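Residue-level listing of the chains:
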Amino acid sequence: MSETPHSGLAERAAALDAADRLAGRRELFALDDGVYLDGNSLGALPVHVPDRVRDVLTRQWGELRIRSWDESGWWTAPERIGDRIAPLVGAAAGQVVVGDSTSVNVFKAVVAAGRLAGEGRDEILVDATTFPTDGYIAASAARLTGHRIVPVEPADVPAALGPRTAVVLLNHVDYRTGRLHDLPGLTGAVHAAGALVVWDLCHSAGALPVGLDEHGVDLAVGCTYKYLNGGPGSPAYLYVAERHQAAFDSPLPGWNSHADPFGMTPGYAPADGSVRGRVGTPDIVSMLTLEAALDVWDGVSVDAVRAKSLALTDFFLECVEAYAPAGRVTSVTPVAHAERGSQVALRCDDAEPVMRRLVERGVVGDLRRPDVLRFGFTPLYVGFADAERAARVLAEVLVLPREQAA
Ligand SMILES: Cc1ncc(COP(=O)(O)O)c(C=O)c1O
Ligand SMILES: Nc1ccccc1C(=O)C[C@H](N)C(=O)O
């Protein structure tokens, strides 16, 4: 590693870390001495989780066996853990249920929103920059329901709305650029047109305030393995605003969503509340892993997380500007705080070999082909010295002779 450039940035990083009231959270996570900037893809493991999962396996399953559905709270885990996530996304209790993947929840939400919108509205507007799964699922849902898909850039949604719009499916934060979309404004515009909005919160929950109730969002989905640290493939969640729950008509009305699942009657009668969003038997081991992981949020304010996230991404951009050779990378992440999520995306011609070399040097971000270097900032365990070091190592890599992509 080369010497620290004499810019004073390393000293500033140390001072910022010393003043950071979230800094103590880092020791709750299993991390090494590298810099982990990929928590926007897979959050780090909280160190207390393995013992809790061992208890789920050895005592709850191994000893209590079937009794655990009641005695260990297995059966009610989806709605109980939903209520743990709810405050992180600005929802009152009883509106969030955990289960299935984000993709499956997109399906439930889009079809149910189309049914709530009623007859005569036959268009589903889909974020043209969406994470692909949302677009694929919405297209298939539309084939089943007879809606027409209209791809639209989030900023162009107000102009594209009309009397035919049934549903608008949007990403809160763009997975590639880190752009934060205007959830209050777009939700208001969709409602003014008489339609419903479904927000995908994968890249915002646990990184910034979402305010689902405050802004009158209809439905939302999100994963739990990024900023919520639930572990690989941990179950996703579905938010259905209380005012829609009585009419929420799930396209996947499995027995777990029945008002009396153990009545095992041939006729379907939906349960009330968030339980209506359940489908089949929950994946208990993953779900209880997530439940344990959520303990790291106890006593944390999402506003404090947001303030640190913005300070970190500002500081990283400043370090990149100071250290990186001019013109080698260009940020595609908005400068304005109101338009920025919790990641920095840098466009770079030879992004693939650059990211490979960064990872070899202990700075883990990821690559979104063909030319985006993505760095996720998870305020619970990433600090300012990490940001400075990542930018410094990036600059070192960028001055090496270019290597062809593999
Ligand atoms: C915005 C967004 N939606 C959906 C997904 C994925 O959905 P699933 O949990 O079904 O894999 C991701 C990332 O994996 C994502 O970033
Ligand atoms: N679920 C995954 C499984 C394997 C590898 C990556 C993911 C991601 O989550 C990617 C992420 N959604 C992204 O924004 O790129």
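Residues numbered from 1 in each chain as written. Chains lettered and ligands numbered in written order. Predicted model: local features only at pLDDT ≥ 70, side-chain atom pairs only at ≥ 80, totals over all residues. Heavy atoms only, no water.

Draft legend 1. The arrangement of the overall build of the protein chain in detail. In terms of regular secondary structure, the protein chain is built from 13 helices and 13 strands. Rg of the C-alpha trace for the protein chain: 22 Å, near the compact-globule value of 22 Å for 406 residues, within the 12% margin. The proportion of buried residues among the 406 residues of the protein chain is 55%. Restricting the contact set of the protein chain to residue pairs at least 6 apart, pairs at least 24 apart contribute 73%. On the protein chain, roughly 16800 Å² of surface is accessible, and the fraction owed to carbon and sulfur atoms is 55%. Between the centroid of the 37 positive side chains of the protein chain and the centroid of its 52 negative side chains there is a distance of 3 Å. (Helix = DSSP H or I, 4+ residues; strand = E, 2+ residues; numbered from the N terminus. Rg over C-alpha atoms; globule rule 2.2 N^0.38 Å. Buried < 20%, exposed > 50% of the residue type's maximum accessible area, 1.4 Å probe, protein only. Contact = heavy atoms within 4.5 Å. Areas by Shrake-Rupley, 256 points an atom, 1.4 Å probe, with all protein chains shown as cover. Lys, Arg positive; Asp, Glu negative; His and termini not counted. Charge placed at Lys NZ, Arg CZ, Asp CG, Glu CD.)

Draft legend 2. Just the packing of helix 11 (residues 302-323) against helix 13 (residues 384-398), in detail. At a closest axis distance of 9 Å, the pairing of helix 11 and helix 13 adopts a crossing angle of 25°. Compared by their axis directions, helix 11 and helix 13 come out roughly parallel. When you trace helix 11 past helix 13, the crossing you get is right-handed. For the pair formed by helix 11 and helix 13, the contact residues are Lys308, Ala311, Leu312, Phe315, Phe316, Cys319, Val320 and Tyr323 on the first element and Phe384, Ala387, Glu388, Ala390, Ala391, Arg392, Leu394 and Ala395 on the second. (Axes fitted to C-alpha atoms, helices over the stretch in contact; angles between N-to-C directions. Parallel < 35°, antiparallel > 145°, perpendicular 65-115°, else oblique. Left-handed = near helix turned anticlockwise from the far one by under 90°.)

Draft legend 3. Here's a closer look at the site of ligand 2. Around ligand 2, a shell composed of Ser41, Phe131, Tyr175, His203, Tyr225, Lys226, Arg368 and Arg374 is seen. Between Tyr225 and ligand 2, the recorded distance is 3.2 Å, taken from a side-chain N or O atom to a nitrogen atom. Separating an oxygen atom of ligand 2 from a side-chain N or O atom of Arg374 is a distance of 2.9 Å. Compared with its free state, where it exposes 370 Å², ligand 2 has 60% of that area covered by protein. Taken together, the residues that form the shell around ligand 2 break down as 3 nonpolar, 2 polar and 3 charged. (Near = heavy atom within 4 Å. Polar contact = N/O pair within 3.5 Å; in protein donor to acceptor, adjacent residues only side chain to side chain. Nonpolar A, V, L, I, M, F, W, Y, C, P; charged D, E, K, R; others polar.)

Draft legend 4. How the structure looks around the site of ligand 1. All residues in the neighbourhood of ligand 1 are listed as Ser101, Thr102, Ser103, Phe131, Thr133, Asp134, Asn171, Asp200, Cys202, His203, Tyr225 and Lys226. Ser103 places a polar side-chain atom, nitrogen or oxygen, 2.5 Å from an oxygen atom of ligand 1. Side-chain polar atom of Tyr225 to an oxygen atom of ligand 1: 2.9 Å apart, as the coordinates give it. If ligand 1 stood free it would expose 390 Å²; the protein chains cover 84% of that surface. Taken together, the elements giving at least two residues each to the shell around ligand 1 come down to helix 5 (102-117) and helix 6 (132-145). In terms of residue class, the shell around ligand 1 is built from 3 nonpolar, 6 polar and 3 charged.

Draft legend 5. Focus on the packing of aromatic side chains. Throughout the structure, instances matching the rule amount to 11 aromatic pairs. Judged by centre distance (6.0 Å) and plane angle (70°), the rings of Phe315 and Phe384 are edge-to-face. On the criterion of sequence distance, the pair formed by Phe315 in helix 11 and Phe384 in helix 13 is long-range, its members being 69 residues apart. Overall, Phe315 belongs to the buried group, its relative accessible area being 2%. Put simply, the rings of Trp69, Trp74, Trp75, Trp255 and Phe262 touch in pairs and so form one group of aromatic residues. In this structure, Arg278 is placed above the aromatic ring of Trp75, and the distance from its NZ or CZ to the ring centre is 4.9 Å. (Phe/Tyr/Trp six-rings, centres within 6.5 Å; stacked < 30°, edge-to-face > 60°. Lys NZ or Arg CZ within 6 Å of the ring centre and 35° of its normal.)

Draft legend 6. Representation of the sheet that holds strand 7 (residues 219-222). Strand order in the open sheet formed by 7 strands is 2-8-7-6-5-3-4, with mixed pairing between adjacent strands. At either end of the open sheet lies a strand with only one pairing partner, and these are strand 2 (96-98) and strand 4 (148-152). On average, adjacent strands in this sheet sit at an angle of 20° to one another, irrespective of strand direction. Most of the contacts of helix 4 (residues 77-85) go to strand 2, to which it runs at about 125°, and overall it touches strand 2 and strand 8 (237-240). Contacts from helix 8 (residues 183-192) reach strand 5 (165-171) and strand 6 (196-200), with the element oriented near 155° to strand 6. (Pairing = 2+ DSSP bridges.)

Draft legend 7. Expanded view of a nonpolar patch on the surface. A contiguous nonpolar surface patch, about 290 Å² in accessible area, is contributed by Leu57, Trp61 and Val285. For Leu57, the position within the fold is in helix 2 (residues 49-61). Exposure remark for Leu57: the relative accessible area of 35% places this residue in the partly exposed category. (Patch = residues over 30% accessible without salt bridge, like charges linked within 9 Å, V, L, I, M, F, W, Y side chains within 5 Å. Salt bridge = Lys/Arg side-chain N within 4 Å of Asp/Glu carboxyl O.)

Draft legend 8. Spotlight on the pattern of salt bridges. Applying the stated criterion to the full structure yields 28 salt bridges. Lys308 is the partner of Asp20 in a salt bridge, and the nearest nitrogen-oxygen pair spans 2.6 Å. With Asp20 in the loop between helix 1 (9-19) and strand 1 (35-36) and Lys308 in helix 11, the pair connects residues that are 288 residues apart, well separated along the chain. For Lys308, a relative accessible area of 6% corresponds to the buried category. A salt bridge links Glu79 to Arg278; the nearest nitrogen and oxygen atoms lie 3.0 Å apart. Of this pair, Glu79 sits in helix 4 while Arg278 sits in the loop between helix 9 (242-245) and helix 10 (284-293), placing them 199 residues apart in sequence.

Draft legend 9. Representation of the packing of helix 12 (residues 351-360) against helix 13. In contact at an axis separation of 10 Å, helix 12 and helix 13 are set at 125° when each is read in the N-to-C sense. One way to sum up the angle between helix 12 and helix 13 is to call them oblique. Where helix 12 crosses over helix 13, the two elements pack in a sense that is right-handed. Within the contact between the two elements, helix 12 uses Val354, Arg357 and Leu358 and helix 13 uses Val393, Leu394, Val397 and Leu398. Looking at the contact of helix 12 with helix 13 residue by residue, the classes come out as 6 nonpolar, no polar and 1 charged.

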